[in-house]
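# Understanding the architecture of this molecule
The residues making up each chain are set out below.
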Amino acid sequence: NAQYYPFSEMRQCGDVDLYIGQENYEKAYDILKSVASDIDDKKALTRGKHFHMGLGKVRFDIHRFSGLYTLPGYNRKYQEESDKGLTDRLVEISFRDTSVMTPSDEFNAYYIFNHRFNHFMTSGIGLRQLCDLMLFLHCKAGSLDLVELKRILVKMDMLYTWQVFGNVLVKYLGMNTDEFPFYVEVSDKKADKVLAHILKEGNFGRDTDYYKRKQGSYLRKKFNSLKWYCTRSFNLFVLFPKHS
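Anyway, here's the lowdown on the structure attached to this text. Being a predicted model, the structure only gives us computed values, none of them experimental.

### Some details on the pattern of salt bridges
Summed over all chains, the structure comprises 18 salt bridges. With a closest N to O distance of 2.7 Å, Arg-11 and Asp-132 form a salt bridge. Separated by 121 residues along the polypeptide, Arg-11 in the segment before strand S1 (16-19) and Asp-132 in helix H4 (residues 127-140) bring together distant segments of the chain. For the pair shown, Arg-11 and Asp-132 are each scored as buried.

Have a look at this one:
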């Protein structure tokens, strides 16, 4: 994502995510274990979508799946699109003379948005994540296969949420409507509430009461946690009932 910023150093980076796929997943683990400063137990290969490793201060997530979801029907459709988007029409990017393959532009547009929407629903995001989507679409304006992108968004039932977040990008971050595919105006209140939710929670929800109220007795901490989850779930249901 940093490659699509005017200067890649403008984007603050976190961990490094590498997609390996299932076929070479165990082989990658054995190779990386020989150089990692720390790495998950090998049992992690049978759980979840990735294992974690460290190389000094740099953290890596090594993926066998680009995403994994508990709802079987949704997960099946997602894996179909992921398998296609990570094998067909790949886009090559050069990092200091090293070529790295990235997803097809259409799947990547969906994936960047979907990844941020998942974090929005489960923990919280910062504005940086919206900047990633905006700058990717800005750089790809006019070159995306809009029929293919719309097919993915409709299949995954994400077109409406895509348009809601598009209103946030246009209204608050100054994006040109011509550069955001399938832009339509939605209720200002909806866009306002989405932005307010983002600003209130911060990246991974670090600015919420859930993280700030860690003092007190065991029961009090559990009560605050329950109250936070119930309130948050209600607010998200009001915004996006189907996806909640």
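### What to know about unusual backbone geometry
When glycine is set aside, most residues are seen to have a negative phi, and most peptide bonds are trans. With a phi angle near 50°, Arg-96 is a residue other than glycine that sits in the positive phi range. Position of Arg-96 relative to the elements: it lies in the loop between strand S5 (91-95) and strand S6 (98-102). Given a relative accessible area of 85%, Arg-96 falls into the exposed group. A positive phi angle, near 65°, is found at Phe-182, a position not held by glycine. If you trace the backbone, Phe-182 turns up in the loop between helix H6 (159-173) and helix H7 (188-201).

### A short note on the sheet that holds strand S2 (residues 38-39)
Spatial ordering of the open sheet is given by S1-S4-S3-S2, a layout of four strands whose pairing is mixed. Across the chains shown, the open sheet's two edge strands, defined by having one partner strand only, are S1 and S2. With four bridges connecting them, S1 and strand S4 (residues 58-63) associate as parallel partners. Following the sheet pairing, Val-16 is matched in S4 by Phe-60. Across the face of the sheet, helix H1 (residues 25-33) comes into contact with S2, strand S3 (50-55) and S4 while running at roughly 20° to S3.

### Quick word on the nonpolar core
It is characteristic of soluble globular proteins that their nonpolar side chains tend to be buried jointly. The biggest cluster of nonpolar side chains holds 42 residues, and the ones touching the most others in it are Tyr-110, Phe-120, Leu-137, Trp-162, Phe-165, Val-194 and Phe-240. Listing elements by their share of this core, those giving two or more residues are helix H3 (105-122), H4, helix H5 (146-155), H6, H7 and helix H9 (218-239). For this core, the leading source of residues is H3, giving nine residues. Apart from residues no more than four positions distant in its own chain, Phe-120 is found in contact with Ile-125, Phe-165, Val-194, His-197, Ile-198, Glu-201, Arg-232, Leu-236, Leu-239 and Phe-240.

### Concerning the packing of H7 against H9
Packing of H7 against H9 leaves a shortest axis separation of 10 Å and a crossing angle of 155°. Between H7 and H9, the angle falls in the class roughly antiparallel. H9 is crossed by H7, and the crossing has left-handed handedness. The segment H7 lies against H9, with Lys-190, Lys-193, Val-194, His-197 and Glu-201 engaging Trp-228, Arg-232, Leu-236, Val-238 and Leu-239. Residue composition of the contact of H7 with H9, by class: five nonpolar, one polar and four charged.

### What to know about helix H2 (residues 72-85)
With 14 residues, H2 should reach 20 Å at 1.5 Å per residue; the first-to-last C-alpha distance of 20 Å fits that figure. Those residues of H2 lying buried are Asn-75, Tyr-78, Gln-79, Glu-81, Ser-82 and Gly-85. Along its buried surface, H2 packs onto H3 and H5.

### As for the side chain of Glu-81
With respect to the helices, strands and loops of the structure, Glu-81 is situated in helix H2. Taking relative accessible area as the criterion, Glu-81 reaches 4% and is therefore assigned buried. Aside from chain neighbours lying at most four places away, what touches Glu-81 is Phe-107, Arg-151, Ile-152, Lys-155 and Met-156.

### Details of the packing of aromatic side chains
As enumerated under the stated definition, the model contains 20 aromatic pairs in all. Look at Tyr-69 and Tyr-74: their rings are 5.1 Å apart centre to centre, the planes differ by 85°, and that puts the pair in the edge-to-face class. Here Tyr-69 and Tyr-78 contribute two aromatic rings whose centre-to-centre distance is 5.1 Å and whose plane-to-plane angle is 70°, an arrangement assigned as edge-to-face. These aromatic residues form a ring-pair network of at least three members: Phe-113, Phe-117, Phe-120, Trp-162, Phe-165, Phe-180 and Phe-240. Here Lys-190 stacks its cationic end above the ring of Phe-240, 5.6 Å away from the centre of that ring.

Calculation rules
Residues numbered from 1 in each chain as written. Predicted model: local features only at pLDDT ≥ 70, side-chain atom pairs only at ≥ 80, totals over all residues. Heavy atoms only, no water. Salt bridge = Lys/Arg side-chain N within 4 Å of Asp/Glu carboxyl O. Helix = DSSP H or I, 4+ residues; strand = E, 2+ residues; numbered from the N terminus. Buried < 20%, exposed > 50% of the residue type's maximum accessible area, 1.4 Å probe, protein only. Pairing = 2+ DSSP bridges. Contact = heavy atoms within 4.5 Å. Axes fitted to C-alpha atoms, helices over the stretch in contact; angles between N-to-C directions. Core = buried A, V, L, I, M, F, W, Y, C linked by side-chain atoms within 4.5 Å. Parallel < 35°, antiparallel > 145°, perpendicular 65-115°, else oblique. Left-handed = near helix turned anticlockwise from the far one by under 90°. Nonpolar A, V, L, I, M, F, W, Y, C, P; charged D, E, K, R; others polar. Expected span 1.5 Å × (residues − 1). Phe/Tyr/Trp six-rings, centres within 6.5 Å; stacked < 30°, edge-to-face > 60°. Lys NZ or Arg CZ within 6 Å of the ring centre and 35° of its normal.

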